[in-house]
2 protein chains.
Amino acid sequence: MKNSNKIRIVPLGGMREVGKNLTVIEYRDDLILVDCGMTFPGDEMPGIDIVIPDISYLVKNKHKIRGMVITHGHEDHIGAIPYVLKKINIPVYGTKLTLGLIQNKLKEHRLLGTAKLKTVSHGQKVRLGKLEVEWIRVNHSIPDSSCLAIKTPLGTIVHSGDFKVDFTPISGKPIDLNRLGEIGSRGVLCYMGESTNVLRPGYTMSESRVGETFDRIFSQTRRSRIIIATFASNVHRIQQIINAAEKFNRKVVLSGRSMLNVMSTAQRLGYLQVKPNTMIDIRDMNKYNPHQLVLITTGSQGEPMSALTRISNDEHRQIKLRQDDVVILSAHPIPGNENAVSSVINNLIERNVNVIYESLSEIHVSGHACQEELKMMLSILQPKYFVPCHGEIRHLKKHAEIAKKMGINKDNVFVLENGDCLEISQSEARMGKKVPSGQVLVDGLGVGDVGSVVLKDRKHLSEDGLISVVVAIDKEKKKIVSGPDIISRGFVYVKESGNLMSGAKKVVLKKVQDSLNGRNIQFNQIKSDIRDELRGYLFSKTKRNPMILPIIMEVKENS
Amino acid sequence: MKNSNKIRIVPLGGMREVGKNLTVIEYRDDLILVDCGMTFPGDEMPGIDIVIPDISYLVKNKHKIRGMVITHGHEDHIGAIPYVLKKINIPVYGTKLTLGLIQNKLKEHRLLGTAKLKTVSHGQKVRLGKLEVEWIRVNHSIPDSSCLAIKTPLGTIVHSGDFKVDFTPISGKPIDLNRLGEIGSRGVLCYMGESTNVLRPGYTMSESRVGETFDRIFSQTRRSRIIIATFASNVHRIQQIINAAEKFNRKVVLSGRSMLNVMSTAQRLGYLQVKPNTMIDIRDMNKYNPHQLVLITTGSQGEPMSALTRISNDEHRQIKLRQDDVVILSAHPIPGNENAVSSVINNLIERNVNVIYESLSEIHVSGHACQEELKMMLSILQPKYFVPCHGEIRHLKKHAEIAKKMGINKDNVFVLENGDCLEISQSEARMGKKVPSGQVLVDGLGVGDVGSVVLKDRKHLSEDGLISVVVAIDKEKKKIVSGPDIISRGFVYVKESGNLMSGAKKVVLKKVQDSLNGRNIQFNQIKSDIRDELRGYLFSKTKRNPMILPIIMEVKENS
C-alpha cells in the first residue's frame, strides 16, 4: 500500500484565487474537509450567481469522509456547504456563531432536517477517524473565528483560517497565542497560512480604532441622522456602532435582508450586547428626530440591490435621504467593486449628503494579518513544511518568500494550485498525482449546467447582439415559401436599421435561392452559407459582428 | 438682445464624469471649444468602442464657431475631434506635439486633407473673433501641455487643462507660474480648474522621482532583461527609461502599436533625446543578451489586446518571457481596470518573472495636481468666479469647498453639470437655460446607433442568453405546419437541456394550438402568449429568464 502512511493535503479551492476555500486533509481511510466556501463570479461570467468548487474528488471518496471542519462563518468558507451536503451528507463542525450562520443557509436550501451540525468551542478537540481537530481562537472580522490544529499520526497540521492579531478586540479576547505557542513548541509538521494581506507591510490596526472614529463622528454630528453601511457579518463593527449609538442617545435601525438575518442570529446566540430600548423597527423610525437615529445598512460594496444603493438612488421604500444626513461607508471596496462603490458615493453626494468613506477617515480596518503578523505566526509555529493559502499567485509567492526568509527550508515550502496533492510521509514531502478540481457555476437552479460555451455565447451576445434569420422552404419545389424574416436584438436601433435589414434580406434571399438551385440541398450547409454571407455583409456595413442564428423550416407548399 | 453682453460657459462633457472633456465658451457671435475628448465605455456598455459628447448644440450654432483650442494630446481631450470635424470643419489650435497626435488620429479617419490644424507655442496668443486665447506652459504626464488664458471683453477666463506643479520636470521647464502670476495680478474673471486629484492631500511627486527608481532598479538588475509597460503618451516617462538604458548600456525595443505611433511622432517632432544606436528594431532583439535589453510596451492597464497582456499569456509572436525577466508596470490602474491589471500581474508571476508594480515601489507618479497645488493655482489667480471641472461630483464638490475656504465668495462658485449654461455679465453670474448634452456611443462604424434599448437587450442577453422559437402555421387551416423549433444560445448546455427543451416545445405547441382554435388569430397576440407561457415554464424549471424570441411564419400547406 503505497499511500498507507502518508498525509495527503489536497486544496480544491482557494489556491491562486480569492474565495471558495476548501482543503482536503487525508490520512489512510480518513478524510476531512477544512472549510467549504463559494466565490462571486467575475466579469467574465455574466448571469452567474455564485461559483463553487468542483467536488467530484469528494464524491468519489465519499465513504472516507469523516466530516467538514469550519474555521468561521464567511461566505468564502461556508457558501458551498449546501451544495456539498446535497451530494454527501457529512457532519459539519464549527463554533456557535459559525453554525448559526450555516443554519440560516441550510434553511434556505431546505436541508435543516437532514444536516448534522455539531457545535464546538475554542479549545475543544474532535476526533475524526485517526485525525483529531482542535479549534483555537483567532481575531478576524467575524466573531468566533478559529484556526485549526489537526493532529495526525505523523504530526500536527495547523490551518490558520482567516486571522489577524488584535490585542484590543471588541469581544475582549485576543488570538490564543498561548495555545499556539504550546502547539508550536511541540513541533508543527505543516502550517497552511492565509495570505490575503501579505503584500501589506506592518501590522493591521485593531478593530477598536474604528470605534474611536465612530465616537468622534457621533460627537461632532449633533443634528443629523447617521447612516452606516458595513458587512452584515462584521458583528464587532456593528457592536461598536451600537455602543456609539447608546453613548450618544441614538436609536438603531437595521436595514437590508442579510443585515436583519445575521443580526438576529448574532443577537439570539449572544454575540451582541444591546440595551433593551436601543433597537427600533424601521416602521417606527418616523417617531424620532434625525439626531436620535443611526441606520445600519447593507450595501458597503455598492451591490445593485442592496439597501444603501437603493437609498442613494431614492428607490428605498422606507428610507429617504435628508439633505444633512451623514453617510459612512465602513468597509474597503473588494477588488472589482471599486466602480460600483464610487457610483454610490457620487449618487449620495449628488443628493447633498455628507459622505465619509475610507480614503477620508479611519472608518475601516482589515480583518486579515499583515506581513509582521504573518511572520509572528510563522515564528511561533516553526513548521517543518509550509503551504501558503488563500490568495492569488502573487500573494502565495510573497508569503512563500517571507517564510523562506524566516528560516524555513526552501524545499519545504509548497506553492500549490487547486487539485494538487501534497503527500507528506515520515521522511519527506512531495507532490503526488493531481485530482480533478475546478469551478462549478451556479445559475438559478442550475449547478454546473453553464460552462465555457454558454459563457462565450453570452459574451458574444453582450458585445454585438444577435440576428435571427428564418426562412421556410419547400425542398421538393426548390422554393422559398416564406421569409426570410429577420429579427435583431442588441445589435442596432431598429428605427435606424431599415436599409441595413432590407440589404440583409436580399443577401439571404439570394444565398438560399442559390442553394436551392444546387443539386444537393443540405440544411446545415445552407445555414452555414447564410451565416458566412450575412456576417460579411453586416461587418462591411457596420464593423460589427452579431451572433447569427439561421433557422430553416421545411414545409410543403400548397400547390 | 438679452444675451448681448454676456459670456456663456457651457460644458458639454467632463462635468460629473471623468473623460470626454469639452467646454464651450461664447461671447456674442463668437464661440470656441476648449478641448474635444472621448471617454471609454463603462461595464454597462458592452461592445461599445468609445463614448463622445453629444454635439447637437455645436451643430446648431456652427456658424458662430471660430475654432477648437486644445490643451494637450490625451484621448480625453482630443479623442472626439474626428467625429466633430466630420460634422463641422473648424480650425484646431494646439501645441506641436498635441497637433502631431491629432494628425495621427485624423489620418486614421481620412480627414488629413481637409482638416485645418494651426500650431501654436507657449506664450502665443490667437485671436478668435472677440476672444483671444493664450497657451501657457504647465506640467503634466504628456509634453507640451497647456492651460489657457482666454481674454474676453468682460475679463479673462483661465482654463487649467490638466496640470501638476513639477519644479524638476524632465523637459527642464516647470509650469509658467510667472505668467500665471501676471495674469492673476491683472484680475481673473473666471477660473475653470481640473479636479482629478482633489481628494489627495499634499503635493504630487516630481516625475524625476521615477527616474531615480529606474536608476536603482537598472543598477540592481545585472543579468536580466527589463520589460517596462507604461502609457504610450507619457513621453517623459519613456525619456527616463531611455536615459537609464543609455546609462546602463541597454538597447531599447518598443512594442505595441500605439507605443510605436506615439514614439515616432514624439521623436520626429523633437520631444525625445535618443542617442543614435539606442533604439533597435524588435526583429534584431535576438542579437543581444538579456542584460543588454529594455523593452518598452503598452498594456499597463491590462488591456486585453495590448503587448504586455499578450506577453503575459505567452501569445506575443516576438516576445517570449524568460524565467528571470524583470517586468515593471509603470502606471496606476485607472478605476475599473484593477482586476485586469491584477490578472496580468498574476499571469506574469505564474511564469516566474520578477514583477515590480506600484504598491511595491515608486515606479509611477501622477500627472495631476494634489490639494496643495490646486490651492496654489487658486491663490495665484484669485478669480472672481470659480468652476471646478474634470471630475466626478465628489471631486467637483471637494474642489468647490477648497475654493470657498481659500476665500472665494460662496455664491461665485459653480458646480455645473454637462449642458449647464453659466452666464457671466458685467455685474453677475447666473445659470441660463440648459442646452442639449449627453453621450453618443461609437460602436464600429456606428456613431449613435446604439442606445439604451440596445444596451438593455445586450445586458439581458449576457445574463440569461436567449431562446428562439419558430413555428410555421397555416392560418386558414388553423394548423401548425412546421415546428415549433427551438434554439437557445447562452442559456444552458445543449446536452443537458434535452428534457427542458422538449418540455418547452410542448408548452409552445399547446399555446399555439389553443390560439389557432380561437376566433381571431392575431400573430402579435400569439407571440406574446408564447413569450408569457415559456417565460413561466423556464423560470419554474431553472429560475432563469432568457430573452424569448418567438417567430411565426405564415405558409399555406399542401393539401
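The structure displayed is predicted, hence computed values, not measured ones.

Reading guide: rules and limits
- Residues numbered from 1 in each chain as written.
- Chains lettered and ligands numbered in written order.
- Predicted model: local features only at pLDDT ≥ 70, side-chain atom pairs only at ≥ 80, totals over all residues.
- Heavy atoms only, no water.
- Helix = DSSP H or I, 4+ residues; strand = E, 2+ residues; numbered from the N terminus.
- Expected span 1.5 Å × (residues − 1).
- Buried < 20%, exposed > 50% of the residue type's maximum accessible area, 1.4 Å probe, protein only.
- Contact = heavy atoms within 4.5 Å.
- Buried area = accessible area lost by both parts, 1.4 Å probe.
- Salt bridge = Lys/Arg side-chain N within 4 Å of Asp/Glu carboxyl O.
- Nonpolar A, V, L, I, M, F, W, Y, C, P; charged D, E, K, R; others polar.
- Pairing = 2+ DSSP bridges.
- Axes fitted to C-alpha atoms, helices over the stretch in contact; angles between N-to-C directions.
- Phe/Tyr/Trp six-rings, centres within 6.5 Å; stacked < 30°, edge-to-face > 60°.
- UniProt positions renumbered as here; feature names shortened; annotations may be inferred.
- Least-squares fit on C-alpha atoms with pLDDT ≥ 70 in both.

Okay, helix α10 (residues 338–350) of chain B next. For α10(B), spanning 13 residues, the distance from its first C-alpha to its last is 18 Å, which sits close to the expected 18 Å at 1.5 Å a residue. Among all positions of α10(B), only Glu338(B), Val341(B), Ser342(B), Val344(B), Ile345(B), Asn346(B), Leu348(B) and Ile349(B) are buried. Those residues of α10(B) that are buried are in contact with α10 (338–350) and α12 (393–405) of chain A together with α9 (307–312), β16 (326–329) and β17 (354–356) of chain B. Asn352(B) occupies a position one or two residues after α10(B) and carries a positive phi of about 60°.

It is worth spelling out the interface of chain B and chain A at this point. With 70 residues of chain B at the contact, the number on the chain A side is 70 residues. Of the roughly 5,800 Å² buried between chain B and chain A on both sides combined, carbon and sulfur atoms contribute 56%. Along the contact surface separating chain B from chain A lie six salt bridges. For Arg544(B), the salt bridge is made with Asp443(A), and the minimal N-O distance between the two is 3.4 Å. Listed by contribution, the elements that provide at least two residues to the side of chain B that touches chain A are α10, α12 (393–405), α13 (452–464), β23 (466–474), β24 (479–489), α15 (523–542) and β25 (547–554) of chain B. When residues of the side of chain B that touches chain A are assigned to their parent elements, the largest contribution, eight residues, is made by α13(B). Of the residues belonging to the side of chain B that touches chain A, the class tally is 27 nonpolar, 21 polar and 22 charged.

The next thing to look at is the sheet that holds strand β16 (residues 326–329) of chain A. Residue and element names in this part refer to chain A. The sheet built from five strands is open, its strands ordered β14-β15-β13-β16-β17 with parallel pairing. At either margin of the open sheet sits one strand with a lone partner, and together these are β14 (251–255) and β17 (354–356). For this sheet, the mean angle separating the axes of adjacent strands, direction not counted, is 20°. Pairing of strand β13 (residues 226–229) with strand β15 (residues 293–297), which is carried by four bridges, proceeds in the parallel orientation. Within β15, the residue paired with isoleucine 226 across the bridge is valine 294. Along the sheet, α10 contacts β16 and β17; its crossing angle with β16, the most-contacted strand, is approximately 175°.

Here we take up the packing of aromatic side chains. Residue and element names in this part refer to chain A. Here the structure, examined in full by the defined rule, presents six aromatic pairs over all chains. Ring geometry for tyrosine 191 against phenylalanine 386: centres 5.6 Å apart, planes inclined by 25°, an arrangement best described as stacked. A residue pair is termed long-range when its members are at least 10 positions apart, and tyrosine 191 in strand β12 (residues 190–194) and phenylalanine 386 in strand β18 (residues 385–389) qualify at 195 residues. Exposure remark for tyrosine 191: the relative accessible area of 0% places this residue in the buried category. Look at phenylalanine 386 and you get buried, because its relative accessible area is 0%.

Turning to the UniProt feature "binding site: substrate" (unreviewed entry) in chain A, a few remarks are in order. Residues and elements named next belong to chain A. Mapped onto the present numbering, the UniProt feature "binding site: substrate" (unreviewed entry) falls on Ala232, Ser233, Asn234, His364, Val365, Ser366, Gly367 and His368. You can see alanine 232 is positioned in the loop between β13 and α7 (235–247). Setting aside chain neighbours within four positions, we find alanine 232 in contact with Ile238, Ser258, Met259, Val262 and Met263. Relative to the assigned elements, serine 366 resides in the loop between β17 and α11 (371–381). Aside from chain neighbours lying at most four places away, what touches serine 366 is Lys164, Asn197, Arg200 and Thr204.

As a further point, take the relation of the copies chain B and chain A. Once chain B is rotated about the relating axis by 180° and shifted along it by 0.1 Å, it coincides with chain A to within an RMSD of 0.1 Å. One copy is carried onto the other by what is essentially a two-fold rotation axis. Both copies contact each other with a shared surface, as 100% of the interface residues of chain B are interface residues in chain A too.

Here we take up the pattern of salt bridges. One pass over the structure, following the stated rule, counts 68 salt bridges over all chains. Among the ionic pairs, Arg8(B) bridges to Glu26(B), the shortest N-O distance being 3.3 Å. Taken as a pair, Arg8(B) in strand β1 (residues 7–13) and Glu26(B) in strand β2 (residues 22–27) lie far apart in primary sequence, 18 residues in all. Glu26(B) shares its class with Arg8(B); the two are buried. Asp411(B) is the salt-bridge partner of Lys410(B), the closest N and O atoms lying 3.6 Å from each other. In terms of burial, Lys410(B) and Asp411(B) fall into one category: exposed. Through salt bridges that share partners, Lys6(A), Arg8(A), Glu26(A), Lys64(A) and Glu423(A) make up one connected network.

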